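Chain residues, written in single-letter form:
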Amino acid sequence: MTQNRNRQIKKLIGNLANVVVHAILLQATDDEDIKGWYKHEINNSLDIAKRCRATINPIDRIFSCNGQDIIRTSVTREVVAVLKLREQKNYKNINFQKIGPTIEKYFKETNIV
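Residues numbered from 1 in each chain as written. Predicted model: local features only at pLDDT ≥ 70, side-chain atom pairs only at ≥ 80, totals over all residues. Heavy atoms only, no water.

Caption draft 1: Structural view of the overall build of the protein. Within the protein one finds 4 helices and 0 strands. In sequence order, the secondary structure elements of the protein are arranged as α-α-α-α. By principal-axis analysis of the C-alpha atoms, the protein measures approximately 45 × 25 × 20 Å. Expressed as a percentage of the 113 residues in the protein, the buried residues total 38%. Looking at the protein alone, contacts between residues at least 24 apart form 74% of all its contacts between residues at least 6 apart. Element-wise, carbon and sulfur atoms account for 50% of the exposed surface of the protein, whose accessible area totals about 7000 Å². (Helix = DSSP H or I, 4+ residues; strand = E, 2+ residues; numbered from the N terminus. Buried < 20%, exposed > 50% of the residue type's maximum accessible area, 1.4 Å probe, protein only. Contact = heavy atoms within 4.5 Å. Areas by Shrake-Rupley, 256 points an atom, 1.4 Å probe, with all protein chains shown as cover.)

Structure (structure tokens):
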């Protein structure tokens, strides 16, 4: 079970990072076609993250403080790395200040905190 739990946590972290990246990119763009794609990515990754979350712990229980910190740190690190790569590819209007509040929003939505 421990190996499977670790795999599910990695999957959760990856999908939450993808949700946060696309949520920030959604706010940074004005193109409606691209916004539609970002919304689609957010919904898909959020559904997968919720399913992973449900397999790790019972959904009515929150993670331990240590687990929350590990997941928050990993998601933040991954989001910053991806957004810096996007910035190097000339993506405009990326607001790095919104990473923390966006992560908290989706942590509450997936019942991690």
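Alright, that's what it looks like, and here's the rest.
Caption draft 2: Just the environment of D60, in detail. Mapped onto the fold, D60 is located in the loop between α2 (32-56) and α3 (65-88). Each C-alpha atom, one on D60 and one on I112, is 9.7 Å from the other, the two residues being 52 residues apart in sequence.

Caption draft 3: Here's a closer look at the environment of I24. Summarising the element assignment, I24 is placed in helix α1 (residues 2-28). When the C-alpha positions of I24 and N90 are compared, they lie 15 Å apart, and in sequence the two are 66 residues distant. If we ignore the near neighbours within four places in the chain, the residues touching I24 are L83, I94, N95, K98, I99 and T102.

Caption draft 4: Spotlight on the pattern of salt bridges. By the definition in use, this model includes 3 salt bridges. With a closest N to O distance of 3.7 Å, E109 and K50 form a salt bridge. Within this pair, whereas E109 is found in helix α4 (residues 99-109), its partner K50 is found in helix α2, the two being separated by 59 residues in sequence. On the accessibility criterion, E109 (36% relative accessible area) is partly exposed. You can call K50 partly exposed: its relative accessible area is 34%. (Salt bridge = Lys/Arg side-chain N within 4 Å of Asp/Glu carboxyl O.)

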